[in-house]
Amino acid sequence: MGSGAGNGKGGPGGRSYDAGCGSLLIRPHLDYIHIWMESSMPAPKRAKMDTSHVPHVLDVGRFSPANRRRLSGPGLRTFLSIADLWGLSDDERLLVLGLPSRSTYYNWVKAVREHRDITLDVDMLVRISAVLGVHQALGVLHATERDGVAWLRKPHEAPLFGGRPPMALITSGTQDGLMSVRRFLDAARGGLYMPPGELDREFRPYVDEDVVFT
């Protein structure tokens, strides 16, 4: 017999057979055949994917100093208004913003109230964006701003909050805490987690008589 596929060679724990493109190791005490490649086979050529029609998911230009400067003033002013509505103390505001120094924070506040330009870093703009998202979601889920603030301050039994108020997570100092509350509320807007509101509880299915063509 030639030295083709039937040429056996001794191996640890069994016999190996040349399979042309690699080797088969047969181990009698195992119920499988382990295959590994001994020769370097050329990788299969793949056609290059055309991504010209795919929109950019994230434009890095949004992080440029000019764009951050454009967003920072309006963003911080909006944050201050929401912080006033939520009744946040100065310490809580610093925690939400990632603990900048007090002097830096007060200089920013003074500047934006005078409509002067400032440039915040990416982390702080993401935090402000999360606060805006929470505020917007509360406006959708609750009839009044007071109800929304009450929800933030009331202990919640969802596993995310563990019996603590959502505000405790918002003011935990971490970006993840902020984003977690925002994601929770975004999901609630889609019908998850939250019990039905008064309008939903009293909703009845539409009937033909409810459809009016004009």
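Presented here is an overview of the structure given in this document.

Rules used throughout
- Residues numbered from 1 in each chain as written.
- Predicted model: local features only at pLDDT ≥ 70, side-chain atom pairs only at ≥ 80, totals over all residues.
- Heavy atoms only, no water.
- Helix = DSSP H or I, 4+ residues; strand = E, 2+ residues; numbered from the N terminus.
- Buried < 20%, exposed > 50% of the residue type's maximum accessible area, 1.4 Å probe, protein only.
- Contact = heavy atoms within 4.5 Å.
- Areas by Shrake-Rupley, 256 points an atom, 1.4 Å probe, with all protein chains shown as cover.
- Expected span 1.5 Å × (residues − 1).
- Axes fitted to C-alpha atoms, helices over the stretch in contact; angles between N-to-C directions.
- Parallel < 35°, antiparallel > 145°, perpendicular 65-115°, else oblique.
- Left-handed = near helix turned anticlockwise from the far one by under 90°.
- Nonpolar A, V, L, I, M, F, W, Y, C, P; charged D, E, K, R; others polar.
- Bend = angle between axes of the 7 residues up to and from the residue.

The subject of this paragraph is the overall build of the chain. What the chain contains, in helices and strands, is 8 helices and 4 strands. Buried positions account for 29% of the 214 residues belonging to the chain. Nonlocal contacts in the chain, meaning residues at least 24 apart in sequence, comprise 47% of its contacts between residues at least 6 apart. Of the roughly 14800 Å² that the chain leaves accessible, carbon and sulfur atoms contribute 56%.

Let's shift gears to helix α7 (residues 175-189). With 15 residues, α7 should cover 21 Å at 1.5 Å per step; its first-to-last C-alpha distance of 21 Å lies within 8% of that length. Of all the positions in α7, only Gly177, Leu178, Met179, Ser180, Val181, Phe184, Leu185, Ala187 and Ala188 are classed as buried. Tucked into the core, α7 has its buried residues touching α2 (90-96), α4 (122-141), α5 (145-153) and α6 (166-170).

All right, on to unusual backbone geometry then. The phi angle at Leu99 is positive, at roughly 60°, despite the residue not being glycine. With respect to the element layout, Leu99 can be found in the loop between α2 and α3 (102-113). Non-glycine residue His115 carries a positive phi angle of around 60°. Given a relative accessible area of 60%, His115 falls into the exposed group.

Here we take up the packing of α4 against α7. Running from N to C, α4 and α7 point in directions that differ by 30°, and their axes come no closer than 9 Å. Considering the angle they form, α4 stands roughly parallel to α7. For the pair α4 and α7, the crossing hand works out as left-handed. Looking at the contact of α4 with α7 residue by residue, the classes come out as 13 nonpolar, 4 polar and 5 charged.

What follows deals with helix α1 (residues 65-86). An α-helical segment advances 3.6 residues per turn. Residues three or four places apart therefore align on the same side. A rise of 1.5 Å per residue sets the reference length of α1, with its 22 residues, at 32 Å; its end C-alpha atoms lie 30 Å apart and thus fit the reference within 8%. Taken as a whole, α1 carries its principal kink of about 35° at Ser72; the proline Pro74 stands between one and four residues after it. Along α1, the residues that are buried comprise Asn67, Arg68, Ser72, Gly73, Gly75, Leu76, Phe79, Leu80, Ile82, Ala83 and Trp86. In this fold, the buried residues of α1 make contact with α2, α3, α4, α5 and α6.

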